[in-house]
Every structure is written in C-alpha cells, then in structure tokens.
Amino acid sequence: MLRSETRRYNGFHLLTRASRTLSFMSYDLELPSQPSASHRVAVLLINLGTPDAPTPKAVRKYLAQFLSDPRVVEIPALAWQVILRLAILPFRGGASAKKYAQVWLPEGSPLRVYTEKQVEGLRRLFVVNDYHVIVDYAMRYGTPGIPAMMNQLKLEGAERVLLVPMYPQYSSSTTATAFDDAFNALRRVRNQPELRTIRHYADHPAYIGALAEQVRDYWRQHGQPDFASGDRLVLSFHGVPKRTMDLGDPYHDQCQQTGSLLMAALGLSPVECRVTFQSRFGRAEWLQPYTAPSLAELGAAGVTRVDVFCPGFTSDCLETIEEIGIEVRDEFLHAGGKEFHRIPCLNASPAWIKALGEIVAQHLQGWPVQAPQALSAAA
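Residues numbered from 1 in each chain as written. Predicted model: local features only at pLDDT ≥ 70, side-chain atom pairs only at ≥ 80, totals over all residues. Heavy atoms only, no water.

Looking only at helices and strands, one finds eleven helices and ten strands in the protein chain. Counting the 379 residues in the protein chain, one finds 48% classified as buried. Long-range pairs, those at least 24 residues apart, make up 76% of the contacts in the protein chain with a sequence separation of at least 6. Carbon and sulfur atoms make up 53% of the accessible area of the protein chain, which totals about 18700 Å². (Helix = DSSP H or I, 4+ residues; strand = E, 2+ residues; numbered from the N terminus. Buried < 20%, exposed > 50% of the residue type's maximum accessible area, 1.4 Å probe, protein only. Contact = heavy atoms within 4.5 Å. Areas by Shrake-Rupley, 256 points an atom, 1.4 Å probe, with all protein chains shown as cover.)

Here it is in structure tokens:
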C-alpha cells in the first residue's frame, strides 16, 4: 500500500511521495498571487550569450554549453561529445579567450553591455509612451539564462511574456533553440504564463530603416565610399551549414531578403553591395560566399576601400569586433586593399531602439498595455 504524507510550507500543502516504486512529475512551488502585480506583461529580449569572463575556464564552460546544443551541432550526441571534450574544448578555449580579451570592455562583454543598453533604451521608450510592461533580457547560453529569467518574470507578477529573439533572421540554431529553452523552462511550472514569440523581423520596415540609418550615420561621420571608382559595401551575416538550408531552414533566404531591402534603401546595386557569410566552423560546406575569402578577392582585384556591415547582429560581439574588425580587415589589407571600415552594429542607436519598440508594440496588441500606436523616440 502506498503511503503519503502532507507537509505544510508557507501556507501550501505539498504532497510528497513516500514510495520509491513510482515516479510522479513534480512542479515548482507557486507563491501566493499578488493582486497589485497581477496581469503584468513582460518583454524578454533573448540573445545568444557570452562567457562571464575572457578566461580559458569561463570560455570553455560557455563553449561546452553552446556546442552541446543539438540544434547547433546536428551530430549524434555521443560521438560529438567525445570530439568536443577531447579535441575542441582543450584547445579552442584558450585561443578564444585571447580573442575575447581583445574586445572585452571595461563594463564587460560587448554583447552583454549592448544588450543591457537595448533593455534600458526600450524601457525608457515605453515609459515615455505610457506602456506598462516589464522589460528584461536573457542569454541562451551563459548568464542570465532563459529559465532563470522566466522564473524572475513570474516572481515579478508577469502573466504574459513576449519572447523577442535578437536575431532578425529565423534559424533553427538560434531562434528555435531559444524558444525550446523557454518552453522547457515551463515544464515544471504549475501556473504557466501566456507566451507569445516573434519569429523573425528580417523584412520589417522599421528594422530595415534602422539598418539604413546606421550605415548613413557612419558615412556622415567617416565619409562615404566612392562606389563610382570601385569601392564596395559588404553585408556579412553569420554563416550556418549549407545542409540546414537544404533541409528547409529559411535563414539563407531571409538574409538575402534583408540584404536586398537594405541595398534598395541605400540606393545601391548588387555590384556595389554584396551579401556574404562569416564564422565558418568545421570542414562541412557552409552558406556561401564566405566573407574572408570575398574580402581577399576584392583586395586582390584592386578595390581600394571596403566597408563591412553585419545586419544580422543587433549587438556588436566577438564575431563583429574581432573576426570582422581584425581578422577580415587583415585579409583585405594583405591582399592589396587600402582602406577598411567596419560599420558598428545597431547596438543601442536611437533609430534601432525606436524600431525595436515598434516591432515589439505590434506583437503586444491585445494585451493589457496602452493601446499600440506609433512610438515617438525617447528623449
């Protein structure tokens, strides 16, 4: 006969199993509801993640979590873990730590710093427009993790949560895995919040407008390329294995769509501006053309100036500051190029904060916040 005992904890009755022969699903303890905080709406920005410090130990820990995600590396887990633990992490951790140290800001990791500034900007924008929402962020890998932040929002009284991936183009290895983590975090929650997700905004007019303004603003400060004499603008997106496109992932097409729309907004032709893909990892074929070889070809062909902009990265990070700003720059200059410009990502620019607010507001419609309307720029 099964026996059970009832324990009282903070006014709640928890039923605990005495028998070890059966397994029951356990759920997290629900705190008493707070009427003053009920019906709150939250917006959770989700970015990829970053090590906690530019040290080999911290980087190995981060890479172990990142590269163990089956949506990132689609190789049988057992075989892949042997390769990862024995052949990759012991060597890549130290090399990557040196690169992180080159780009680390006094406030911390660039990705974290700019993501926090985006949160602050969005909060100010919503206050100015009388939107009563909680705004925070989480990282898919590293801290603060998505499960921890979902729990934090619940503690703050959020009954509705909008998940906003900071990846404009949808990919299984970024957007989908972020949603997976959020959904899994709710498996142990008895009183779940209502969830909405933003799948992508690769072609959203506000996003394209913010990209165009970021490029124009850079050119106003540093001079515009002389396209008539052969200067070029390169739009570099993060790469993924070509196999994912063959299996139906829309990422490649959405990158091309963003690139075409941005070219049109800037009044450039495909000759003056091209789309490339960076950050190849491993020996498999990835989306092409690859960024670094493309820049080397331009330098060897006698192109004097190249500007590189990364529309798929909403925050500057290792891949934009170090890979593009140092490694790809050196490829271009060593091949014969004379002038290289890395245009900063959207980060917390006023145009991007306003565009992000517009995108978010559209997805908040019908929830108990101020009636969505055109948002003015925050002071």
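This paragraph deals with the nonpolar core. It is characteristic of soluble globular proteins that their nonpolar side chains tend to be buried jointly. With 69 residues, the main nonpolar core has Leu233, Trp352 and Leu364 as its most contacted residues. Among the elements that line this core, the one with the most residues is helix H6 (residues 205-222), at nine residues. In this structure tryptophan 352 touches Gln118, Met166, Tyr201, Tyr207, Ala210, Thr314, Leu346, Asn347 and Ile359, once residues within four positions along its chain are discounted. (Core = buried A, V, L, I, M, F, W, Y, C linked by side-chain atoms within 4.5 Å.)

With that settled, consider the packing of helix H9 (residues 291-300) against helix H10 (residues 318-334). In a packed pair of helices, the relevant descriptors are the angle between the two axes and the axis-to-axis distance. Their axes nearest at 7 Å, the elements H9 and H10 cross at an angle of 40°. Here the hand of the crossing between H9 and H10 comes out right-handed. Here Thr291, Ala292, Leu295, Ala296, Leu298 and Gly299 of H9 come into contact with H10, specifically with Ile324, Val328, Glu331 and Phe332. Residue composition of the contact of H9 with H10, by class: seven nonpolar, two polar and one charged. (Axes fitted to C-alpha atoms, helices over the stretch in contact; angles between N-to-C directions. Left-handed = near helix turned anticlockwise from the far one by under 90°. Nonpolar A, V, L, I, M, F, W, Y, C, P; charged D, E, K, R; others polar.)

Right, let's talk about the sheet that holds strand E8 (residues 273-278) for a bit. Strand order in the open sheet made by the four strands is E8-E7-E9-E10, with parallel pairing throughout. With partners counted over all chains shown, the strands left at the sheet margins are E8 and strand E10 (339-343), one partner each. The mean inter-strand angle of the sheet, taken between neighbouring strand axes irrespective of direction, is 25°. Pairing between strand E9 (residues 305-309) and E10: five bridges, direction parallel. The partner of valine 308 across the bridge, within E10, is arginine 342. Running over the sheet, H6 touches strand E7 (232-238), E9 and E10 and is turned about 145° from E9. Lying on the sheet, H10 is in contact with E7, E8, E9 and E10; it crosses E10 at an angle near 165°. (Pairing = 2+ DSSP bridges.)

So, about the packing of helix H3 (residues 110-128) against helix H11 (residues 350-363). Contact geometry for H3 and H11: axes closest at 9 Å, N-to-C directions at 65°. Between H3 and H11, the crossing angle belongs to the class labelled roughly perpendicular. Regarding H3 and H11, the two cross each other, and that crossing is right-handed. Residue-level contacts link Gln118, Gly121, Leu122, Leu125 and Phe126 of H3 to Trp352, Ile353, Lys354, Leu356, Gly357 and Val360 of H11. Broken down by class, the residue content of the contact of H3 with H11 amounts to seven nonpolar, three polar and one charged. (Parallel < 35°, antiparallel > 145°, perpendicular 65-115°, else oblique.)

On to the sheet that holds strand E4 (residues 133-141). Ordered by their spatial adjacency, four strands build an open sheet running E4-E3-E5-E6, and the pairing between neighbours is parallel. The strands lining the two open edges of the sheet, one partner per strand, are E4 and strand E6 (194-197). With strand direction ignored, the average angle separating the axes of adjacent strands in the sheet is 25°. Against the sheet, helix H5 (residues 172-185) touches strand E3 (40-49), E4, strand E5 (158-165) and E6, its axis set at about 110° to E4. Taken strand by strand, H11 contacts E3, E5 and E6, and its axis lies near 135° from that of E5.

On to the side chain of serine 294, then. Along the chain, serine 294 falls in helix H9. Judged by its relative accessible area of 5%, serine 294 falls in the buried class. If we skip the residues at most four places from it in the chain, serine 294 touches Thr276 and Pro289.

Turning next to the confidence of the model for the protein chain. With 89% of its residues at a pLDDT of 70 or more, the protein chain shows a mean pLDDT of 91. Here residues 1-23 is a poorly scored stretch, pLDDT under 50, and it has 28 contacts once near neighbours within four places are set aside; other chains count. (pLDDT = per-residue confidence, 0-100.)

Right, let's get into the packing of aromatic side chains. Geometrically, a pair of aromatic rings is defined through the distance of the ring centres and the angle of the planes. The full count for this structure, using the stated rule, is eleven aromatic pairs. With centroids separated by 6.1 Å and ring planes inclined at 20°, the aromatic side chains of tyrosine 62 and phenylalanine 66 adopt a geometry described as stacked. With tyrosine 62 and phenylalanine 66 both in helix H1 (residues 56-67) and four residues apart, this pair spans about one turn of that helix. On the basis of relative accessibility, which here comes to 6%, the residue tyrosine 62 falls in the buried class. These aromatic residues form a ring-pair network of at least three members: Tyr62, Phe66 and Tyr141. (Phe/Tyr/Trp six-rings, centres within 6.5 Å; stacked < 30°, edge-to-face > 60°.)

As a further point, take the pairing of E7. Counted residue by residue, E7 has six buried out of seven residues, so it is predominantly covered. One ladder, built from four bridges, connects E7 with E9; its direction is parallel. Each bridged residue has a counterpart across the sheet, and for valine 234 the counterpart in E9 is valine 308. As defined by bridge partners, E7 adjoins E8 across six bridges and the pair is classed as parallel. Looking at the pairing, histidine 238 lines up with glutamine 278 of E8.

With an omega of -10°, the peptide bond running from threonine 143 to proline 144 counts as cis. Examined against the element boundaries, proline 144 turns out to sit in the loop between E4 and helix H4 (146-155). For the bond from glutamine 288 to proline 289, the omega torsion is 5°, close enough to zero to count as cis. Secondary-structure assignment places proline 289 in the loop between E8 and H9. In this structure, aspartate 130 takes a positive phi of about 60° despite not being glycine. When you line up the elements, aspartate 130 lands in the loop between H3 and E4. Assessed through its relative accessible area of 41%, aspartate 130 is described here as partly exposed. Positive phi is not limited to glycine here, since serine 279 has a value of about 65°. Residue serine 279 is classed as buried on the basis of its relative accessible area, which comes to 16%.

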